[in-house]
Amino acid sequence: MNFDFYKYQGAGNDFVIIDNRQLFFEKESTILIRNLCDRRFGIGGDGLILLENDPETDFKMVYYNADGKEGSMCGNGGRCIVQFARFLKIIDSKTTFTAVDGLHFATFNAKNVSLKMNDVAEIKITPEYCFLNTGSPHHVQMVPNLSDYPVFEVGKKLRNGLYGKEGSNINFVEKVSETEFNMRTFERGVEDETLACGTGATAVAIAMRAIGKTSENKLKLNVLGGTLSVQFRIDNDIYSDVFLEGSAIQVFKGKW
């Protein structure tokens, strides 16, 4: 099977993206998806995204983790596919599309894409960590000396031990100021630390407000691959109008 592919990255979170409006892609082939995402023998990426037609919105996003399995919502992937849809001239300055967790709205600002995430109403807060779902499940834990923290070792242990077979993404956080936090993420499906995580940045921002580490509604999240911004509104302990913003850039394209 021969087809065109595109490589996009959002704050270092990188994805292989394919225009699958003709439904030619072999979705059941986990081996093919793993090969495409393999950094040594394939194109390389944290995941694979298919853009497909949707009867009620501008397009449909179908996301697969690098392990070849269909995944939950990916925030940076969502921002990248919006930029891809703009490249294909499917959309102009704004869009509404459907993903595994429902509808998403997005707008453009230069190279940045601002993506509306789902509302968050439930947050589990313990003395050690928070757990919440922002389209994907996220464990959020504050740690000292984040730059030297063993993210892979501890993240893998928590992902498999605390959350069992289903697993969770694991985020480690360090406060910089009232409006700025550093974070690092171990992602399930990738099974490694990634340079960024959009749903993770969203979870961190909401968690920091929920546990009183900030009183702000717009936060800057420094990730290994760059910077993301998250803003939200709070009504009756429900976090709504949640927007994830950052760069989304086409890196290259080719044929497989």
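Residues numbered from 1 in each chain as written. Predicted model: local features only at pLDDT ≥ 70, side-chain atom pairs only at ≥ 80, totals over all residues. Heavy atoms only, no water.

Topic: the environment of Gln 250
As a reminder, the rule being used: Secondary structure elements follow DSSP: runs of H or I no shorter than four residues count as helices, runs of E no shorter than two count as strands, and numbering proceeds from the N terminus. Contacts are assigned to residue pairs that have any heavy atoms within 4.5 Å of one another. Polar contact is defined as a pair of N or O atoms within 3.5 Å, subject to the rule that within protein one atom must be able to donate a hydrogen and the other to accept it, and that residues adjacent in sequence are counted only when both atoms are side-chain atoms.
Checked against the element boundaries, Gln 250 lands in strand β17 (residues 249-255). Between the alpha carbons of Gln 250 and Gly 68 there is a distance of 22 Å; along the sequence they are 182 residues apart. For Gln 250, the residues in contact, after removing those within four places along its chain, are Tyr 6, Lys 7, Tyr 8 and Phe 87. Side chain to side chain, Gln 250 and Tyr 8 meet in a polar contact 2.8 Å long.

Details of unusual backbone geometry
The test is simple: Exposure classes here rest on a 1.4 Å probe applied to the protein chains alone. A residue is buried below 20% of its type maximum, exposed above 50%, and partly exposed in between.
Positive phi, close to 55 degrees, is recorded for Ala 11, a residue that is not glycine. By the element assignment, Ala 11 lies in the loop between β1 (4-10) and β2 (13-19). Here Ala 11 falls in the buried class, since its relative accessible area comes to 3%.

A short note on the environment of Gly 226
The topology assignment puts Gly 226 in strand β15 (residues 226-235). With 135 residues separating them in the primary sequence, Gly 226 and Ile 91 have C-alpha atoms 26 Å apart. The residues touching Gly 226, leaving out its near neighbours within four places in the chain, are Ala 11 and Leu 221.

Regarding the packing of aromatic side chains
Threshold: Here a Phe, Tyr or Trp ring, Trp counted by its six-membered ring, pairs with any other such ring whose centre lies within 6.5 Å, and the pair is stacked when the planes are under 30 degrees apart, edge-to-face when over 60, and tilted otherwise. By the criterion adopted, a ring carries a charge over it if an Arg CZ or a Lys NZ lies within 6 Å of its centre and within 35 degrees of its normal.
Going through the model one piece at a time under the given rule, you end up with 13 aromatic pairs. Look at Tyr 6 and Phe 84: their rings are 5.0 Å apart centre to centre, the planes differ by 50 degrees, and that puts the pair in the tilted class. Note that Tyr 6 is positioned in strand β1 and Phe 84 in helix α2 (residues 75-87), a separation of 78 residues in sequence. Taken as a pair, Tyr 6 and Phe 84 share a single burial class, namely buried. Taking 5.4 Å as the distance between ring centres and 70 degrees as the angle between the ring planes, the aromatic pair formed by Phe 232 and Tyr 239 counts as edge-to-face. Both residues of the pair, Phe 232 and Tyr 239, belong to the buried class. Positioned above the aromatic ring of Phe 108 is the side chain of Arg 86, whose terminal nitrogen or guanidinium carbon lies 4.4 Å from the ring centre.

Points about the layout of surface pockets
Let me state the cut-off plainly: A 1.4 Å probe that fits into a set of points on a 1 Å grid over the protein atoms alone but cannot get out defines a cavity; an open set with protein on both sides within 12 Å along at least five of seven lines defines a pocket, and lining residues are those with an atom within 4 Å of a point. Grid points are joined across faces, edges and corners, and a volume is the space filled by probe spheres set on the points. When residues are grouped by polarity, Ala, Val, Leu, Ile, Met, Phe, Trp, Tyr, Cys and Pro land in nonpolar, Asp, Glu, Lys and Arg in charged, and all others, Gly among them, in polar.
Computed from the structure, the largest pocket encloses a volume of approximately 250 Å³. Around the largest pocket sit Asn 65, Asp 67, Lys 69, Glu 70, Gly 71, Ser 72, Arg 159, Lys 165, Glu 166, Arg 188, Gly 189 and Glu 191, which together line it. Across the lining of the largest pocket, the residue classes tally to no nonpolar, four polar and eight charged. Considered as a void within the structure, the second largest pocket measures approximately 200 Å³ in volume. Around the second largest pocket, the lining residues are Arg 34, Cys 37, Arg 39, Gly 45, Asp 46, Ala 66, Asp 67, Gly 189, Val 190 and Asp 192. Classifying every residue of the lining of the second largest pocket by side-chain character gives three nonpolar, two polar and five charged.

Looking at α2
This is how the line gets drawn: Every helix has an expected span of 1.5 Å times one less than the residues it contains.
With 13 residues, α2 should cover 18 Å at 1.5 Å per step; its first-to-last C-alpha distance of 19 Å lies within 8% of that length. Summarising burial for α2: 11 of the 13 residues are buried, a large majority. Of the positions making up α2, those classed as buried are Gly 75, Asn 76, Gly 77, Gly 78, Arg 79, Cys 80, Ile 81, Val 82, Gln 83, Phe 84 and Ala 85. Positioned one or two residues after α2, Lys 89 has a phi angle of 65 degrees, which is positive.

A few points about helix α3 (residues 151-161)
This is how the line gets drawn: Relevant arc is that of directions from the helix axis to the C-beta atoms, nothing else.
For α3, the complete set of buried residues consists of Val 151, Gly 155, Leu 158 and Arg 159. One side of α3 carries all its buried residues, which in axial view fall inside an arc of 100 degrees. Opposite the buried face of α3, at more than 90 degrees from it, the exposed residues are Glu 153, Lys 157 and Gly 161. Lining the buried residues of α3 we find β10 (137-142), β11 (169-177), β12 (180-187) and β13 (192-194).

Observations concerning the side chain of Ser 168
The topology assignment puts Ser 168 in the loop between α3 and β11. In this structure the side chain of Ser 168 is engaged in a polar contact, spanning 3.3 Å, whose partner is the backbone oxygen of Pro 137. Those residues in contact with Ser 168 that sit more than four places away from it in its chain are Phe 131, Pro 137, His 138, His 139, Arg 159, Tyr 163 and Arg 188.

As for the pattern of salt bridges
Here is the rule we go by: Think of a salt bridge as a Lys or Arg side-chain nitrogen and an Asp or Glu carboxyl oxygen that are within 4 Å of each other.
Here the structure, examined in full by the defined rule, presents 13 salt bridges. Note that Asp 14 and Arg 39 form a salt bridge whose closest N and O atoms lie 2.8 Å from each other. In this pair, Asp 14 is assigned in strand β2 and Arg 39 in the loop between α1 (30-37) and β3 (47-52), connecting sequence segments 25 residues apart. Assessed through its relative accessible area of 48%, Arg 39 is described here as partly exposed. Here Arg 188 and Glu 166 are joined by a salt bridge, their closest N and O atoms 3.5 Å apart.

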